[in-house]
Every structure is written in C-alpha cells, then in structure tokens.
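Residues per chain, in single letters:
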Amino acid sequence: MLDTTQGAAAPQADERHDGLTADERRGCLFALSQPPLMIFLAVIGCLLLLASLHDLFLL
C-alpha cells in the first residue's frame with residue numbers, strides 16, 4: 001500500500017530491511033527453488049497438460 005504519511009521521507013530500501021534476518025529477506029525466487037513446491041507445480045502442470053490434450057484430441 002502507498003505510504004501517505006506527512007512526516008519525514010519514506011525510509012530507503014536498505015533501511016527498511018536492516019532489522020530482518022537473512023532468512024526473512026529471501027523472496028519469491030527462493031521459494032520457487034524449493035523442491036516440494038516445484039514438484040507440486042510440475043504435477044499441476046502435467047494435469048493441466050493432460051486435460052488440455054484430452055479435450056483437444058478426444059472430445
């Protein structure tokens with residue numbers, strides 16, 4: 001959400017993250033690199049592929 005406070009300037013990116021640990025700084029790309037998530041996404045992708053091929057060729 002947009003910061004609309006009337007005080008001093010908004011803190012810079014480095015100042016906002018100074019209190020965070022290294023584990024808390026990891027973002028979306030770190031989450032996507034985890035094997036259980038990638039296996040889940042691969043299974044869902046395969047199911048969508050099979051469903052689309054079934055609709056395309058058999059119906």
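Computed from a predicted model, the values in this text were never measured in an experiment. (Residues numbered from 1 in each chain as written. Predicted model: local features only at pLDDT ≥ 70, side-chain atom pairs only at ≥ 80, totals over all residues. Heavy atoms only, no water.)

**Quick notes on the overall build of the protein chain**
Reasoning step 1: In terms of regular secondary structure, the protein chain is built from four helices and zero strands.
Reasoning step 2: Order of helices (α) and strands (β) in the protein chain, N terminus to C terminus: α-α-α-α.
Reasoning step 3: A total of 59 residues make up the protein chain; the buried ones form 0% of that total.
Reasoning step 4: As presented, the protein chain carries roughly 5600 Å² of accessible surface, and 68% of it is formed by carbon and sulfur atoms. (Helix = DSSP H or I, 4+ residues; strand = E, 2+ residues; numbered from the N terminus. Buried < 20%, exposed > 50% of the residue type's maximum accessible area, 1.4 Å probe, protein only. Areas by Shrake-Rupley, 256 points an atom, 1.4 Å probe, with all protein chains shown as cover.)

**Focus: the environment of Ser-33**
Reasoning step 1: Assignment of secondary structure puts Ser-33 in the loop between helix H3 (28-32) and helix H4 (35-58).
Reasoning step 2: Among the polar contacts made by the side chain of Ser-33, one reaches the main-chain carbonyl oxygen of Phe-30 at a distance of 2.7 Å. (Polar contact = N/O pair within 3.5 Å; in protein donor to acceptor, adjacent residues only side chain to side chain.)

**Considerations on a nonpolar patch on the surface**
Reasoning step 1: Together, Leu-29, Leu-32, Leu-37, Met-38, Ile-39, Phe-40, Leu-41, Val-43, Ile-44, Leu-47, Leu-48 and Leu-50 give the surface a local cluster of nonpolar side chains, amounting to about 1200 Å² of exposed area.
Reasoning step 2: Within the residue set of the nonpolar patch, elements represented by two or more residues are H3 and H4.
Reasoning step 3: The biggest single contributor to the nonpolar patch is H4, with 10 residues.
Reasoning step 4: On the secondary structure map, Leu-37 appears in helix H4. (Patch = residues over 30% accessible without salt bridge, like charges linked within 9 Å, V, L, I, M, F, W, Y side chains within 5 Å. Salt bridge = Lys/Arg side-chain N within 4 Å of Asp/Glu carboxyl O.)

**Details of the environment of Gln-34**
Reasoning step 1: Looking at the element boundaries, Gln-34 is found in the loop between H3 and H4.
Reasoning step 2: Here Phe-30 takes part through its backbone oxygen, which lies 3.2 Å from a polar atom of the side chain of Gln-34.

**Quick notes on the confidence of the model for the protein chain**
Reasoning step 1: Overall, the prediction assigns the protein chain a mean pLDDT of 79, with 64% of residues at 70 or greater.
Reasoning step 2: Averaged pLDDT values for the elements of the protein chain fall to 57 in helix H1 (residues 13-16) and rise to 95 in H4. (pLDDT = per-residue confidence, 0-100.)

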